[in-house]
Amino acid sequence: MRILIINCGSSSLKYQFIDMENEFLLAKGLVERIGMDGSVLCQNRSGEKYKIEIPILDHKEAISFVLKALLDEKHGVISDVSEIDAIGHRVVHGGEFYSQSVIVDDTVIQNIKECVKLAPLHNPANLIGIEVCKGLMPSTPMVAVFDTAFHQTMPEESYVYALPYELYTQHSIRKYGFHGTSHKHVSEKAAEMLNKNINDLKIITCHLGNGASITAIKEGKSIDTSMGFTPLEGIPMGTRSGSIDPAIITFMIRELNLSVAEIDDILNKKSGVYGISGISSDFRDIEAADEDENKRAHLALEIFYSKVKKYIGYYAAAMGGVDCIVYTAGLGENSPEVREKTCRDLEFLGVSIDKDKNKVRGQALEVSTVDSKVKVLVIPTNEELMIAKDTQELVMDFKLFKEELEDKIIV
Ligand code: AMP
């Protein structure tokens, strides 16, 4: 089965086209600056790059150009759209509707619309992607894979905020959690690497990229996660503040006369390690500045390490122990420094990092010492492949179900 994975952002669209028989990435690409000057599509087919620089007015045009690039005689990988067997859409918010991926139908589209108020920047773009694909390829089955779904197993005591309970029941204000596809994938891989049943493990997964979240996974289920009602809660990130005293916001309104839009901008785009260091949101730049003894760069890193470490302790306590800590995403996979410093002084928990093994970048490897009670693993995340796997499984079940139904009707 050949599956097209679509990840629509507000002004960009990422895609991958995967042959599931051997999980081979046939092509991947990115459309940027949709609806703006300088829009461009870049496609990569086994290292060979193809670029279309042309005005791309909206997501409908963007998806038409994606199909054009995949069909291109010289640079493409298919000769007819019917060679796309199914489409998997990344959808950020499934609210309380979905605890797993689903085949897209009218009810699913309606429910994703209901969740727009919870993810106003992301869900509208995800919906456009679904509706445009439905229009262009009406007979191709589609699956929605939600960032929030994996965390729907959290118990009430993890997801209800200490606010008036009506804010939850009447306005859906609760913790949802994000990066679910990644946390699920790396926790399953961790159990495989340790040759253990996931039901016997207490795992802490640290997805540390530009956006970052940490999840406590007990018996294969998310029981708590650091992101919350939105992807702003939790540890400080590239440009996001993470958790702060909520009274800072009312102070900014009252004393600094800042508007809602300005505060949103500060918390989402001007904070995190970028805000503290004043240098960059990219840890490579901050680590380099720290080596040059830049004080604010050093402070940004120390704050980040300490917050990650606190979540590790917090979740070890919440689960009554921890068997394994997993590092994934850009930073988790590539920064030995971050892994070492966030496990620093955790020997009392039974965590011991092997400095040599920990030099690894971008590869699955156990980086703890042989006698470390808690195993520390680096596992590259692959959200697109997880989306493709869910899509394949659901579409195969759906086809089987349809065939059985047709047989019954004939009988
Ligand atoms: P992601 O959002 O998962 O793509 O992660 C992107 C972030 O990973 C970048 O902003 C960097 O901060 C970080 N990163 C990527 N490669 C490295 C590296 N070699 N060393 C340190 N940080 C890295």
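Residues numbered from 1 in each chain as written. Predicted model: local features only at pLDDT ≥ 70, side-chain atom pairs only at ≥ 80, totals over all residues. Heavy atoms only, no water.

Structural notes on the sheet that holds strand β6 (residues 86-91)
Here is the rule we go by: Only strands that DSSP links by at least two bridges are regarded as paired with each other. Here a helix means four or more residues in a row that DSSP labels H or I, a strand means two or more in a row labelled E, and each is numbered from the N terminus. Residue contacts are counted whenever heavy atoms from the two residues lie within 4.5 Å of one another. Helix axes are fitted only over the stretch in contact, all axes being lines through C-alpha atoms; the angle between N-to-C directions runs from 0 to 180 degrees.
Taking strand neighbours across the sheet as the criterion, the eight strands line up as β5-β4-β3-β2-β1-β6-β8-β7 in an open arrangement whose pairing is mixed. Where the open sheet ends on each side, the last strands, each with one partner, are β5 (48-53) and β7 (102-103). As defined by bridge partners, strand β3 (residues 24-32) adjoins strand β4 (residues 40-45) across five bridges and the pair is classed as antiparallel. Paired with V31 across the strands is L41, a residue of β4. Across the sheet, helix α2 (residues 106-114) is in contact with β6, β7 and β8 (142-146); its angle to β8 comes to roughly 30 degrees.

Quick look at the site of the ligand
To keep things clear, this is the line we draw: If a single non-hydrogen atom of a residue is within 4 Å of a molecule or strand, that residue counts as near it. Think of a polar contact as two N or O atoms within 3.5 Å of one another; within protein, one of them needs to be a possible hydrogen donor and the other a possible acceptor, and neighboring residues in sequence only count if both atoms come from side chains. Per-residue accessibility takes into account occlusion by the displayed protein chains alone, with areas from the Shrake-Rupley method and a 1.4 Å probe. Each residue gets one label: Ala, Val, Leu, Ile, Met, Phe, Trp, Tyr, Cys and Pro are nonpolar, Asp, Glu, Lys and Arg are charged, and the others, such as Gly, are polar.
Near the ligand the following residues occur: G209, N210, D282, F283, R284, E287, A329, G330, L331, N334, S335 and R361. Take N210: an N or O atom from its main chain is 2.9 Å from an oxygen atom of the ligand. In the environment of the ligand, an oxygen atom lies 3.4 Å from a nitrogen or oxygen atom belonging to the side chain of D282. Contact with the protein chains hides 73% of the accessible area of the ligand, taken as 500 Å² for the molecule alone. Going through the elements one at a time, α10 (283-291) and α12 (329-334) are the ones with two or more residues in the shell around the ligand. Tallying contributions element by element places α12 first for the shell around the ligand, with four residues. In the shell around the ligand, the residues fall into three nonpolar, five polar and four charged.

Quick word on α10
Side chains that are three or four residues apart share a direction in an α-helix, a result of its 3.6 residues per turn. What counts, and what does not: Using a 1.4 Å probe on the protein chains alone, a residue whose accessible area is under 20% of its type maximum counts as buried, one over 50% counts as exposed, and one in between counts as partly exposed. Arc, as used here, means the arc of the directions from the helix axis to the C-beta atoms.
Listed as buried for α10 are F283, I286, A289 and D290. Down the axis of α10, the buried side of the element spans an arc of 125 degrees, and every buried residue falls inside it. Counted as exposed and oriented over 90 degrees from the buried face of α10: R284 and E291. Next to the buried residues of α10 lie α9 (272-277), α11 (295-319), α12 and α13 (336-342). Once α10 finishes, E293 follows within two positions and takes phi at roughly 65 degrees, a positive value.

Structural notes on the pairing of strand β9 (residues 202-208)
On a regular strand, each side chain points to the face opposite its neighbour's, so the side chains alternate between the two faces of the sheet. Taking burial as the measure, the seven residues of β9 include six buried ones, the bulk of the element. Taken together, the seven bridges between β9 and strand β10 (residues 212-218) define a ladder with antiparallel strand orientation. The residue bridging I204 from the neighbouring strand is A216, located in β10. What sits between β9 and β10 in their antiparallel hairpin is a turn of three residues.

What to know about the UniProt feature "binding site: substrate" (unreviewed entry) in the chain
This is how it is decided: UniProt positions are given in the numbering used here, feature names are shortened, and annotations may be inferred rather than shown by experiment.
The feature "binding site: substrate" (unreviewed entry), as given by UniProt, occupies R90 in the numbering adopted here. The class of R90 is buried, set by a relative accessible area of 19%. Ignoring anything within four residues of it in the chain, the contact list for R90 reads I6, N7, N126, V145, D147, E383 and I387.

A short note on the nonpolar core
Rules: Residues belong to one nonpolar core when they are buried, are Ala, Val, Leu, Ile, Met, Phe, Trp, Tyr or Cys, and are joined through side-chain atoms within 4.5 Å.
I204, L208 and F304 are the most contacted members of the largest nonpolar core, which totals 43 residues. If you list the elements that add at least two residues to this core, you get β9, β10, α10, α11, β12 (324-328) and β14 (375-378). Residues in contact with I204, not counting those within four places in the same chain, are I214, T215, I312, Y315, A316, M319, V322, C324, I325 and V326. Core analysis: the next-biggest nonpolar cluster, separate from the first, contains 41 residues, V31, I52, I63 and L67 among them.

With respect to the pairing of strand β2 (residues 13-19)
The buried fraction of β2 amounts to six of the seven residues, a majority that puts the element mostly inside the structure. Across seven bridges, the pairing between strand β1 (residues 2-8) and β2 is antiparallel. Each bridged residue has a counterpart across the sheet, and for R2 the counterpart in β2 is D19. The hairpin formed by β1 and β2 contains four residues between the paired strands.

Describing unusual backbone geometry
Generally, phi is negative for residues other than glycine and the peptide bonds are trans, each holding for most cases. Phi is positive for N195, which is not a glycine, with a value near 60 degrees. As for its position among the elements, N195 is in the loop between α6 (180-194) and β9. Its relative accessible area of 72% is what places N195 among the exposed residues. We note that D345 has phi near 65 degrees; this positive angle belongs to a residue other than glycine.

Description of the UniProt feature "site: Transition state stabilizer" (unreviewed entry) in the chain
With numbering aligned to this structure, UniProt lists the feature "site: Transition state stabilizer" (unreviewed entry) at H179 and R240. Structurally, the position occupied by H179 is in the loop between α5 (165-171) and α6. In contact with H179, not counting residues within four places along its chain, are D147, H151, H207, G211, A212, S213 and M227. Of note, R240 is situated in the loop between β11 (221-225) and α7 (247-256). Those residues within four positions of R240 in sequence are excluded, and the remaining contacts are G211, M227, P231, L232, L267, N268, S271 and G272.

A few points about the packing of α2 against helix α3 (residues 123-136)
Short version of the rule: Angle categories are assigned with fixed cut-offs, so that under 35 degrees is roughly parallel, over 145 is roughly antiparallel, 65 to 115 is roughly perpendicular, and the rest are oblique. Should the near helix be turned anticlockwise from the far one by less than a right angle, the crossing is termed left-handed; should it be turned clockwise, right-handed.
At their nearest, the axes of α2 and α3 sit 10 Å apart, and the two run at 160 degrees to each other. The angle between α2 and α3 places the two elements in the roughly antiparallel class. Crossing geometry of α2 relative to α3 is assigned as left-handed. Contacts from D106, I109, I112 and K113 of α2 reach α3 at N123, L127, I130, E131 and K134.

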